[in-house]
Amino acid sequence: MGVSIQFSQSYYWLNTWILANIIQLATQDFCDRFVDWHIDPGRRLYDQMVMAARCGVANIAEGSARHSTSLETEMRLLDVARASFDELQGDIFNFLLRKNTEIWPIGNHDREEIWQMRLSTPNYGNSYLHDAAKHILAQKSKFDRWLRSDDATVRANALLVLCLRENRMLQSQIQSQLDEFRQTGGFTENLTTERLEARKMQASNGGAPKCPKCGMPMLKRMQKKGQMQGREFWGCSDYPRCNGARPV
């Protein structure tokens, strides 16, 4: 597979990034309304929750922007995003414990409705920043019955479910990137392949001798060790499948 550099902001079309933005907006609203000085006199909890939501969005964006050049970096940053939503989930969980209120169990009507709510497919035009903002707000409105409730426990439970959904989606995205890496390799591997193919083409067009074993064009190489270290020789361009060699 050849090397190609993709549009770095393609994450605008990712459901993981869209849902992460919904969680960030909902967390900011939740903290403004309910994380007050009574329970957070030093404002540390407020900052930590808002920053955890922000880090989730930012790491999805940064990781996905590196898709073309480093699948490994992308997977690492998506995993950091997943950990950020875990951190946010823990703070919301503690908030509900302090309220001594019920956390929605599996089977709860509201929980299942939030879990099953589908996000619409983005349909952006040339003004994708404008369109993405409208799309995110439209998707958030599907959850506003819970996320804008006057009941803090309803908002907190809804955020818990969304964090769980986001983690599950990120897990699938990371697995997809791992499968792609297994099939196509990473940026470094593909750069090496591109370079070798280019050198084979140069050898074919440059009158290089043919390999005495397989007939492929040969490339000039340098002996890297041994008594002949530093001396040039012709090596088969199909190495390591063929180890044909001849002196320059």
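Residues numbered from 1 in each chain as written. Predicted model: local features only at pLDDT ≥ 70, side-chain atom pairs only at ≥ 80, totals over all residues. Heavy atoms only, no water.

Asker: Would you explain the overall build of the chain in this entry?
Answerer: What the chain contains, in helices and strands, is eight helices and three strands. Listed by position from the N terminus, the elements making up the chain come as α-α-α-α-α-α-α-α-β-β-β. Of all 248 residues assigned to the chain, the portion counted as buried reaches 41%. The contacts of the chain with a sequence gap of at least 6 include a subset with a gap of at least 24, amounting to 63%. By element, 50% of the accessible surface of the chain is carried by carbon and sulfur atoms, the whole surface being about 14,300 Å². (Helix = DSSP H or I, 4+ residues; strand = E, 2+ residues; numbered from the N terminus. Buried < 20%, exposed > 50% of the residue type's maximum accessible area, 1.4 Å probe, protein only. Contact = heavy atoms within 4.5 Å. Areas by Shrake-Rupley, 256 points an atom, 1.4 Å probe, with all protein chains shown as cover.)

Asker: Can you walk me through the side chain of Asn108 in this structure?
Answerer: Here Asn108 lies in the loop between α3 (71-99) and α4 (109-116). Exposure remark for Asn108: the relative accessible area of 19% places this residue in the buried category. Only 2.9 Å separates the side chain of Asn108 from the backbone nitrogen of Asp110, close enough to count as a polar contact. (Polar contact = N/O pair within 3.5 Å; in protein donor to acceptor, adjacent residues only side chain to side chain.)

Asker: Quick question: what am I supposed to make of α3 here?
Answerer: Along an α-helix, a turn takes 3.6 residues, which lines up residues three or four apart on a common side. Taking 1.5 Å of rise per residue, the 29 residues of α3 would be expected to cover 42 Å, and the 42 Å separating its terminal C-alpha atoms lies within 8% of that figure. The first or second residue beyond α3 is Asn100, which carries a positive phi of 55°. (Expected span 1.5 Å × (residues − 1).)

Asker: Can you walk me through unusual backbone geometry in this structure?
Answerer: Among all residues except glycine, the phi angle is most often negative; among peptide bonds, the trans geometry is most common. A positive phi angle, close to 65°, is found at Arg43, a residue other than glycine. Positive phi, close to 55°, is recorded for Asn100, a residue that is not glycine. With respect to the helices and strands, the residue Asn100 is situated in the loop between α3 and α4. Residue classification places Asn100 among the exposed residues on the basis of a relative accessible area of 72%.

Asker: Whenever I open this one, the pairing of strand β2 (residues 232-236) confuses me. Can you help?
Answerer: If a strand is regular, its side chains alternate between the two faces of the sheet. Pairing between strand β1 (residues 218-222) and β2: five bridges, direction antiparallel. By the bridge assignment for β2, Met222 is matched with Glu232. In this sheet, strand β3 (residues 245-247) lies alongside β2 in antiparallel orientation, the contact comprising three bridges. Counterpart to Phe233 in the pairing with β3 is Pro247. (Pairing = 2+ DSSP bridges.)

Asker: Would you mind showing me how to read the side chain of Arg155 here?
Answerer: With respect to the helices and strands, Arg155 occurs in helix α7 (residues 152-184). One buried charge, Arg155, has no salt-bridge partner; the nearest side chain with opposite charge is Asp150, at 5.1 Å. When neighbours within four sequence positions are excluded, Arg155 is seen to be in contact with Asp29, Phe30, Arg33, Phe34, Trp146, Leu147, Arg148 and Ser149. (Lys, Arg positive; Asp, Glu negative; His and termini not counted. Salt bridge = Lys/Arg side-chain N within 4 Å of Asp/Glu carboxyl O.)

Asker: Help me out: how do you make sense of the packing of aromatic side chains in this one?
Answerer: Aromatic ring pairs are reported here in terms of the distance separating the ring centres and the angle at which the planes meet. Applying the stated criterion to the full structure yields eight aromatic pairs. With centroids separated by 5.2 Å and ring planes inclined at 85°, the aromatic side chains of Tyr12 and Tyr128 adopt a geometry described as edge-to-face. Residue Tyr12 is found in the segment before α1 (15-34), and its partner Tyr128 is found in helix α5 (residues 128-141); the two are separated by 116 residues along the sequence. No difference in accessibility class separates Tyr12 from Tyr128, as the two residues are buried. An aromatic cluster of three or more residues is present, and its members are Tyr11, Tyr12, Trp13, Trp17, Tyr124 and Tyr128. Across the ring face of Tyr46, the terminal group of Arg43 is positioned such that the distance to the ring centre comes to 4.0 Å. (Phe/Tyr/Trp six-rings, centres within 6.5 Å; stacked < 30°, edge-to-face > 60°. Lys NZ or Arg CZ within 6 Å of the ring centre and 35° of its normal.)

Asker: Looking at this structure, I do not really get the pattern of salt bridges. What am I missing?
Answerer: For side chains bearing opposite charge, pairing can occur when the charged atoms are close. One pass over the structure, following the stated rule, counts six salt bridges. With its nearest N and O atoms 3.5 Å apart, the salt bridge here joins Glu112 to Arg111. For Glu113, the salt bridge is made with Arg145, and the minimal N-O distance between the two is 2.7 Å. Here Glu113 is found in helix α4, whereas its partner Arg145 is found in helix α6 (residues 144-147), with 32 residues between them in sequence. When its relative accessible area of 26% is taken as the criterion, Glu113 is described as partly exposed.

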